[in-house]
Structure formats: C-alpha cells, structure tokens
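Summary of the model geometry
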Amino acid sequence: MLYAVLKAIHLFGVVLLVGNVIVTLIWKLGADRTGEPSVIAFGQRLVTLTDWWFTLGGVVLILIGGYGAAWVAGLDPFGVHWLVWGQILFGFSGLLWALILIPAQIRQARQAISFEATGVIPTEYWRDARRWTWWGILAIVPLLGAIWIMIAKPTEAPAEPAGRLNRDKQEQIPRAWTVSTEAQLRLTRRAST
C-alpha cells in the first residue's frame, strides 16, 4: 500500500511539473503576442506564481514519491540503469531552469512591474522573452525523455533466458518488466505478513 501511495505522489508531481511547464509556455506566448503591457505583466506575474506553486511543488513531489517508492520496492535509485538515466535527464532539465530560465524570468518580472506602469515594453524584455521561450522548449525535452524512460524502463542487460518465457504468448518478458513485477511481489508478500 505504501508503494502505491508513493508512486501516486511521484506521478502527481510529474503531472504538476510537466503540465505546468508546457501550459505556462503556451499562455505566456499568448500574453506576449498581444503586445499589451498590462496583459504581458499579468502573464509574467502568473509565470512566477505558477513556477513557485506547481513547478517547484511538482519537483518536491517527484523526489519524495520517486525515491520513497524505490526505497520501499527495494530498488537502488543509483544502481538501476533506467532510474539513473531518468534522474540524469531530470537533473539536466533542472540545471537549464536554474541557470538560464529562472534568471531570465526574474528579469522579466522586474521589467513587467516597470512597463505595466509606463506602458512601454523595453527591448530587453523581448530579448529575455525569446531566450526564455527557446531555452524553455529545450528544457522540456529531457523531461519528456525522463517520462519515456520511466515508462519503458529500458535495460542494459539482454533479455531473460528462455526459462522466463510468457507461456501464453511465447515471447520473452523484458527484464525491466520482471524487475517491476518482482518488486511488486515483494511488496505484496510484505503486506500479507
């Protein structure tokens, strides 16, 4: 039961993080396209607000749920190939946010306060907006890659020997599936004792 709760927390965090990142990009682009200082300033405030609540909140839930579920399942998060690669992609995206996107976002938020009052959008805002957009799109790609890895669970090891055939379909069961199934069986046995 604890494993299922932690996995649900992890998945809820993924939905919050990735959903917010993609939706924020789309509606910020829409606000910028209006060219209206008050609309753009409002949009920029919401970018900052949603990043604090949903993006950062999603990251915290991903970490708590992911590491917790791995621990409960008896998996080494730094020893299982697909978990390592998922963390690398997640970390790479986080670095792009921390080093490029958040500083640009902070500058844009400060500029928005000024141009909302004056009605004049400086060229620096548009430069930062373009930079934020392109680096933001680039930062989404590794997140999507991490999601694929967590679902597909590709392995380095060759498929299991013929002794682990699926008798109904007569095809080999991928090792990643058996690892997840074995972890689930361990959890079920623990719960029943």
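Each remark here, short or long, concerns the structure printed above.
Everything numeric here is computed off the predicted structure, so don't read it as measured data.

Quick notes on the rules
- Residue numbers run consecutively from 1 along every chain, following the written order of its sequence.
- Per-residue local features of the predicted model are confined to residues with pLDDT of at least 70, and side-chain atom pairs are confined, for both listing and counting, to 80 or more; whole-chain, interface and lining totals are unaffected and use all residues.
- With hydrogens and water stripped out, all remaining heavy atoms of the structure feed into the side-chain values.
- Points on a 1 Å grid, built from protein atoms alone, make a cavity when a 1.4 Å probe fits but cannot get out and make a pocket when they are open with protein on both sides within 12 Å along at least 5 of 7 lines; residues with an atom within 4 Å of a point are the lining residues.
- Grid points are joined across faces, edges and corners, and a volume is the space filled by probe spheres set on the points.
- Working definition: helices are DSSP H or I runs of at least four residues, strands are E runs of at least two. Numbering for both runs from the N terminus.
- All residues other than Ala, Val, Leu, Ile, Met, Phe, Trp, Tyr, Cys, Pro, Asp, Glu, Lys and Arg, Gly among them, are scored as polar; the first ten of these are nonpolar and the last four charged.
- Salt bridge criterion: a side-chain nitrogen from Lys or Arg within 4 Å of a carboxyl oxygen from Asp or Glu.
- Using a 1.4 Å probe on the protein chains alone, a residue whose accessible area is under 20% of its type maximum counts as buried, one over 50% counts as exposed, and one in between counts as partly exposed.
- To estimate the expected span of a helix, subtract one from its residue number and multiply by 1.5 Å.
- Note on bend: at a given residue it equals the angle between the axes fitted to the 7 residues ending there and to the 7 starting there.

1. A short note on the layout of surface pockets
- Estimates place the volume of the largest pocket at around 730 Å³.
- Together, 30 residues line the largest pocket, and His-10, Gly-66, Trp-82, Leu-83 and Met-150 are the ones closest to its centre.
- Of all elements in the fold, only helix 1 (2-34), helix 2 (37-73), helix 3 (81-118), helix 4 (123-152) and helix 5 (175-192) reach the threshold of two or more residues within the lining of the largest pocket.
- Residues that form the lining of the largest pocket fall into these classes: 21 nonpolar, seven polar and two charged.
- Each pocket or cavity is described by its volume, and for the second largest pocket that value is around 390 Å³.

2. Quick look at the pattern of salt bridges
- In total, this model carries four salt bridges according to the counting rule given.
- A salt bridge links Asp-32 to Lys-28; the nearest nitrogen and oxygen atoms lie 2.7 Å apart. Linking Asp-32 with Lys-28, this pair stays in helix 1, spanning four residues, or about one helical turn.
- The class of Asp-32 is buried, set by a relative accessible area of 9%.
- Residue Lys-28 is classed as buried on the basis of its relative accessible area of 2%.
- Between Arg-107 and Asp-128 there is a salt bridge whose closest N-O contact spans 3.0 Å.

3. Some points on helix 2
- With 37 residues, helix 2 should reach 54 Å at 1.5 Å per residue; the first-to-last C-alpha distance of 51 Å fits that figure.
- Approximately 40° is the largest bend angle found in helix 2, and it occurs at Asp-51.
- Gly-74 sits one or two positions beyond helix 2 and adopts a positive phi of about 80°.

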